[in-house]
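Results of the structural survey
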Protein chains: 4
Amino acid sequence: MSNPALEPASTTRAPGRPRSEEARKAILQSTLELLKQFGFNDLSIESIAGHAGVGKATVYRWWPNKAALVVDAFVSVVDAELRYPSTGPAEKAFREQMERWIPIFNSPLGKVIAAVIGAGQSDPEIIEAFRAHWVEPRRREARELLKQSMKAGEIRCDIDPDTILDILYGPLYLRLMVHHEPLTLELVDKIFAMVLPGLRPQRQSLQR
Amino acid sequence: MSNPALEPASTTRAPGRPRSEEARKAILQSTLELLKQFGFNDLSIESIAGHAGVGKATVYRWWPNKAALVVDAFVSVVDAELRYPSTGPAEKAFREQMERWIPIFNSPLGKVIAAVIGAGQSDPEIIEAFRAHWVEPRRREARELLKQSMKAGEIRCDIDPDTILDILYGPLYLRLMVHHEPLTLELVDKIFAMVLPGLRPQRQSLQR
Amino acid sequence: MSNPALEPASTTRAPGRPRSEEARKAILQSTLELLKQFGFNDLSIESIAGHAGVGKATVYRWWPNKAALVVDAFVSVVDAELRYPSTGPAEKAFREQMERWIPIFNSPLGKVIAAVIGAGQSDPEIIEAFRAHWVEPRRREARELLKQSMKAGEIRCDIDPDTILDILYGPLYLRLMVHHEPLTLELVDKIFAMVLPGLRPQRQSLQR
Amino acid sequence: MSNPALEPASTTRAPGRPRSEEARKAILQSTLELLKQFGFNDLSIESIAGHAGVGKATVYRWWPNKAALVVDAFVSVVDAELRYPSTGPAEKAFREQMERWIPIFNSPLGKVIAAVIGAGQSDPEIIEAFRAHWVEPRRREARELLKQSMKAGEIRCDIDPDTILDILYGPLYLRLMVHHEPLTLELVDKIFAMVLPGLRPQRQSLQR
DNA sequence: CAATAATCGAGACGGTACGTCACGTCTTCTT
DNA sequence: AAGAAGACGTGACGTACCGTCTCGATTATTG
């Protein structure tokens, strides 16, 4: 993102005082904290700088705007963690996965995820970063698991894995964003009760 | 919301100059126009008032904040349309309804809906207004239709209607917000292919 | 200066909320106060607004920059006051005048005058305003008195009044600005001791 | 001020890399150049360093603030010139000296002097630097010349030399700062026409 | 037909945050 | 040790909107 380390490796350091790593970490940490508290709109660069004990200019030196900063903060916390690979029968694996999501969506991180998706509605870069750093890493594994299960004849193979995942996870994201109903473990049960029969191999596929 | 016509019908009119209907329309129209142009975040009440040729106070007199105004504006556009044909078999009714949503979600109005949900992640009042003026009116009818179908034994009755609706519409909203896959009519087909078997009355319900 | 009352008298008021006279006075008053304390350079619009209990935008609405504001403040305090007309023999009149200046130059107003001249070195408008509202009104009277004395044969008439005034007042302003020596009544005595002989009608004028 | 050469001459040089004389010259040169272009207020240390191809810290290492730097810069330009011819009759010496000032005050250097005095009204350090590095070196010689003339009975001795110098030079500085009248050679003539009679030994001194 | 009352437009008000700039200090590597 | 480079915390800049307010003008109902 704004990582100079990604530039072609040069043995010669840039001249001048190097960037303060403490400042960078404090800024990202404060961003997450205040994002949970206030959401994206009521989050001000000024308050982030103040909370991080950092000059406003230092924030603007490294991030062009609030959006880029929030994305960086979100990515930094989420990039390598929170992956729960599962094995065994697909049904059981997905049910376990989804049940693990419920408390996470209800935690402060859930608020951050919602805030990032929300902010992404005004800024294409944000939603793209969300897809690249959140959705896709998780989908990759899930897609693989689904394909194997399809090959094994456990689940129907006339519907692409991504759509299946949308059907399974769509309701969770909907409730995360709209708050019309609580996000409970029971919801997972009901989703599976509804979807399982249709998940198994069908005699005629995609019938109307 | 801001509709005095909903007050108890009184033959006696309030004294004083009545509200200007032209101003109201101009404000809502300008809101939609600028919303499509700039998105929710870069939309200012000041610019709406200016564009509508209206005093800022006139906006604030009738809408408490930007969110309420935006929700009102887009509700005013789609209020009359998009009601469920409340008769016929439930399956067919929902499928037709969802298919009608696809082009709408892909139109500028879809961007408005996404913007409102997005803004709602920072402001509880917004998401509440979205629920009250958008989700709930539509759910009310859909819920009724589902209940009748349950009574008629057409669909299983061990899962509450709201969850069923979350499963049906969740994928649509997810794609609307995240843009990881396109919103096509095919998606509706696949959702139904997956969900229909589980929608019919089951021998044992909610089995794990 | 920034006085709309100077526009061609119109019977119709401008639309909108009228300008707050209290705010205007508070701003000018605070400007003078802080100018005395900090001088021109260390005077910030931000502090003026804060001290006056006024929004920063209100200052910028009416004055384009710090310089215009300081000039306005200076003029407002100085425009009609501090004129000490004197009659009688020119020598005595001027000596009295100058002696009256000493305590004024040593007072806070002296600091303001010095600050305005100082600021005028970076901004032609300031020094012009200083000339128009401070120097010229006082010179006008002094010039008149000198001309009458010349006609009466009391003082030489081969040197223009303005140069005489520069010689009399130059030392005062020099000490006001440079602070190399104190501004005392004694200085006035010495100036007159030096200048009086040359002030009387000379046999040969401007001899080298 | 920042002249290590004034330190007690030591045969042993300080350890480490010696001060770069090129840097010093480039800084002073850039200061003068930018000062003429932008005036004192809009002159930034940052721009001086940039223009001189020098690190900001190098400027701050040798000059405590902008004022000292500016004073140093313009002193460096005129340091060698403009010393009083310390012999001959005092009257003639001063007249010649003052006549030499007129074109200088009218040159860009005059603007610099005015800018420094102006800036000094906000910052005591500036006016002090001006006194120490500009006024005093010149006064020292002039004072000496006056004292010798007093001893020789050429000029009155009941008025201290500094006051005499204020009377002679006050009008010049006044016109330099206020611009109400032009600075011409004629002015010098008039000053001497006015002051000379009072400069000679008087029968009764300081009479009122 | 006035008096009253609520609306309208316009735009000034006290604020808050914006993104930029320069300050004077610091931390790095190079000379 | 001094050089350049340039990041650091700080604080003021001038701008844009916020939501509230005060104007005169307009448009209705009520006495």
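Residues numbered from 1 in each chain as written. Chains lettered and ligands numbered in written order. Predicted model: local features only at pLDDT ≥ 70, side-chain atom pairs only at ≥ 80, totals over all residues. Heavy atoms only, no water.

Concerning the overall build of chain A
Per the secondary structure count, chain A includes nine helices and zero strands. Starting at the N terminus and walking to the C terminus, you meet the elements of chain A as α-α-α-α-α-α-α-α-α. Out of the 208 residues in chain A, the part that is buried amounts to 50%. Once local pairs closer than 6 in sequence are excluded, the contacts in chain A between residues at least 24 apart make up 65%. Here chain A displays about 10,400 Å² of accessible surface, and carbon together with sulfur accounts for 53% of that area. (Helix = DSSP H or I, 4+ residues; strand = E, 2+ residues; numbered from the N terminus. Buried < 20%, exposed > 50% of the residue type's maximum accessible area, 1.4 Å probe, protein only. Contact = heavy atoms within 4.5 Å. Areas by Shrake-Rupley, 256 points an atom, 1.4 Å probe, with all protein chains shown as cover.)

What to know about the domain arrangement of chain A
Residue and element names in this part refer to chain A. According to the domain assignment, chain A consists of domain 1 (19-62) and domain 2 (69-207). Relative to domain 2, the C-alpha centre of domain 1 lies at a distance of 30 Å. At the junction of the two partners, domain 1 supplies 13 residues and domain 2 supplies 13 residues. When residues of domain 1 are sorted by the area they lose upon contact with domain 2, Leu 32, Lys 36 and Phe 40 head the list and together hold 49% of the total. The interface formed by domain 1 and domain 2 includes zero salt bridges. Of all the elements in the fold, those that place two or more residues in the side of domain 1 that touches domain 2 are helix H1 (21-38) and helix H2 (45-52). (Domains from an automatic or database assignment. Buried area = accessible area lost by both parts, 1.4 Å probe. Salt bridge = Lys/Arg side-chain N within 4 Å of Asp/Glu carboxyl O.)

Focus: the relation of the copies chain C and chain D
When chain C is brought onto chain D, the operation consists of a screw motion whose angular component is 179 degrees and whose axial shift is 0.1 Å, with 1.7 Å RMSD remaining. In symmetry terms, the pair is related by a two-fold rotation axis. A share of 90% of the interface residues of chain C reappears at the interface of chain D, consistent with the copies meeting face to face through the same patch. (Least-squares fit on C-alpha atoms with pLDDT ≥ 70 in both.)

Quick look at the protein's contact with DNA strand E
Surrounding DNA strand E, one finds 40 residues, the nearest of these being Tyr60(A), Thr58(B), Arg61(B), Thr58(C) and Tyr60(D). The backbone of Gly53(B) places a nitrogen or oxygen atom 3.4 Å from a phosphate oxygen of DNA strand E. In the environment of DNA strand E, a phosphate oxygen lies 2.4 Å from a nitrogen or oxygen atom belonging to the side chain of Tyr60(D). Residue assignment for the surface near DNA strand E shows that the elements contributing at least two residues are H2 and helix H3 (56-62) of chain A, helix H3 (56-62) of chain B, helix H3 (56-62) of chain C together with helix H2 (45-52) and helix H3 (56-62) of chain D. When grouped by side-chain class, the residues that make up the surface near DNA strand E number 14 nonpolar, 13 polar and 13 charged. (Near = heavy atom within 4 Å. Polar contact = N/O pair within 3.5 Å; in protein donor to acceptor, adjacent residues only side chain to side chain. Nonpolar A, V, L, I, M, F, W, Y, C, P; charged D, E, K, R; others polar.)

Section: the interface of chain C and chain D
How large an interface is tends to be reported as the accessible area lost when its parts come together. Listed per partner, the contact involves 52 residues of chain C and 47 residues of chain D. Interface area, chain C with chain D, both sides summed: about 4,200 Å², of which 63% is carbon and sulfur. At the boundary of chain C with chain D, the tally comes to four salt bridges. Across the pair Lys190(C) and Asp160(D) runs a salt bridge, and its minimum N-O distance is 2.8 Å. Viewed at the interface, chain D and chain C are joined by 17 residue pairs in polar contact (both at pLDDT 80 or more). Counting only elements with at least two residues in the side of chain C that touches chain D, the list comes to helix H5 (90-106), helix H6 (108-120), helix H7 (124-151), helix H8 (161-178) and helix H9 (185-199) of chain C. No other element matches H8(C), which puts 13 residues into the side of chain C that touches chain D. Among the residues forming the side of chain C that touches chain D, the class breakdown is 25 nonpolar, 12 polar and 15 charged.

A word on helix H6 (residues 108-120) of chain A
Residues and elements named next belong to chain A. Helix length check: H6 (13 residues) gives 18 Å between terminal C-alpha atoms against 18 Å at 1.5 Å per residue, within 8%. Taken across its 13 residues, H6 has 11 buried, putting it largely inside the fold. What H6 keeps buried is the set Leu 109, Gly 110, Val 112, Ile 113, Ala 114, Ala 115, Val 116, Ile 117, Gly 118, Ala 119 and Gly 120. (Expected span 1.5 Å × (residues − 1).)

What to know about the interface of chain B and chain A
Facing 48 residues of chain B, the contacting portion of chain A comprises 52 residues. Between chain B and chain A, the buried area comes to about 4,300 Å², and carbon and sulfur atoms account for 62% of it. Our count for the contact surface shared by chain B and chain A stands at four salt bridges. At the boundary of chain B and chain A, one finds 18 residue pairs in polar contact (both at pLDDT 80 or more). Counting only elements with at least two residues in the side of chain B that touches chain A, the list comes to helix H5 (90-106), helix H6 (108-120), helix H7 (124-151), helix H8 (161-178) and helix H9 (185-199) of chain B. Looking at the side of chain B that touches chain A element by element, the count peaks at 13 residues for H8(B). When grouped by side-chain class, the residues that make up the side of chain B that touches chain A number 24 nonpolar, 11 polar and 13 charged.

Observations regarding the relation of the copies chain B and chain A
Under the fitted operation, chain B is carried onto chain A by 0.2 Å of movement along the axis and a turn of 179 degrees, and the coordinates agree to an RMSD of 1.7 Å. A shared interface surface links the copies, since 100% of the contact residues of chain B are contact residues in chain A too.

Quick look at H8(B)
Residue and element names in this part refer to chain B. Spanning 18 residues, H8 covers 25 Å between terminal C-alpha atoms, matching the ideal 26 Å at 1.5 Å per step. In the structure, H8 departs most strongly from a straight axis at Tyr 169, where the bend amounts to approximately 40 degrees and where the proline Pro 171 lies between one and four residues downstream. Within H8, 18 of the 18 residues are buried, which leaves it mostly tucked inside the rest of the structure. Of the residues flanking the end of H8, it is His 179, one or two places downstream, whose phi is positive at about 60 degrees. (Bend = angle between axes of the 7 residues up to and from the residue.)

Digging into the protein's contact with DNA strand F
What surrounds DNA strand F is a group of 42 residues, the closest being Gly16(A), Thr58(A), Tyr60(B), Tyr60(C) and Thr58(D). Counting only the atoms of DNA strand F that lie within 4 Å of the protein, the sugar and phosphate share comes to 66%. Ser20(D) has a polar backbone atom sitting 3.3 Å from a phosphate oxygen of DNA strand F. Looking at the surface near DNA strand F element by element, the count peaks at five residues for H3(A). Of the residues in the surface near DNA strand F, the class split is 14 nonpolar, 13 polar and 15 charged.

Some points on the side chain of Arg143(C)
All names here are of chain C. Considering the arrangement of structural elements, one finds Arg 143 in helix H7. Here the side chain of Arg 143 touches Glu 136 through a polar contact of 2.3 Å, side chain to side chain. Apart from the residues within four sequence positions on either side, Arg 143 is in contact with Glu 136, Pro 161, Asp 162 and Leu 165.

A word on the packing of aromatic side chains
Applying the stated rule across the entire model yields 22 aromatic pairs over all chains. Note on Trp101(C) and Phe105(C): the rings are 5.8 Å apart at their centroids and 55 degrees apart in plane angle, and the pair reads as tilted. On the criterion of helical spacing, the pair formed by Trp101(C) and Phe105(C) is a turn pair, its members being four residues apart in helix H5. For the pair Trp101(C) and Phe105(C), a shared accessibility class is recorded, and that class is buried. Its end group placed over the ring of Phe40(B), Lys66(B) keeps NZ or CZ at 4.4 Å from the ring centre. Taking the ring centre of Phe192(D) as reference, the NZ or CZ of Arg95(D) above it sits at 4.8 Å. (Phe/Tyr/Trp six-rings, centres within 6.5 Å; stacked < 30°, edge-to-face > 60°. Lys NZ or Arg CZ within 6 Å of the ring centre and 35° of its normal.)

Let's talk about the environment of Gln37(B)
Topologically, Gln37(B) is positioned in helix H1 (residues 21-38). Placed 71 residues apart in sequence, Gln37(B) and Pro108(B) show a C-alpha to C-alpha distance of 9.9 Å.

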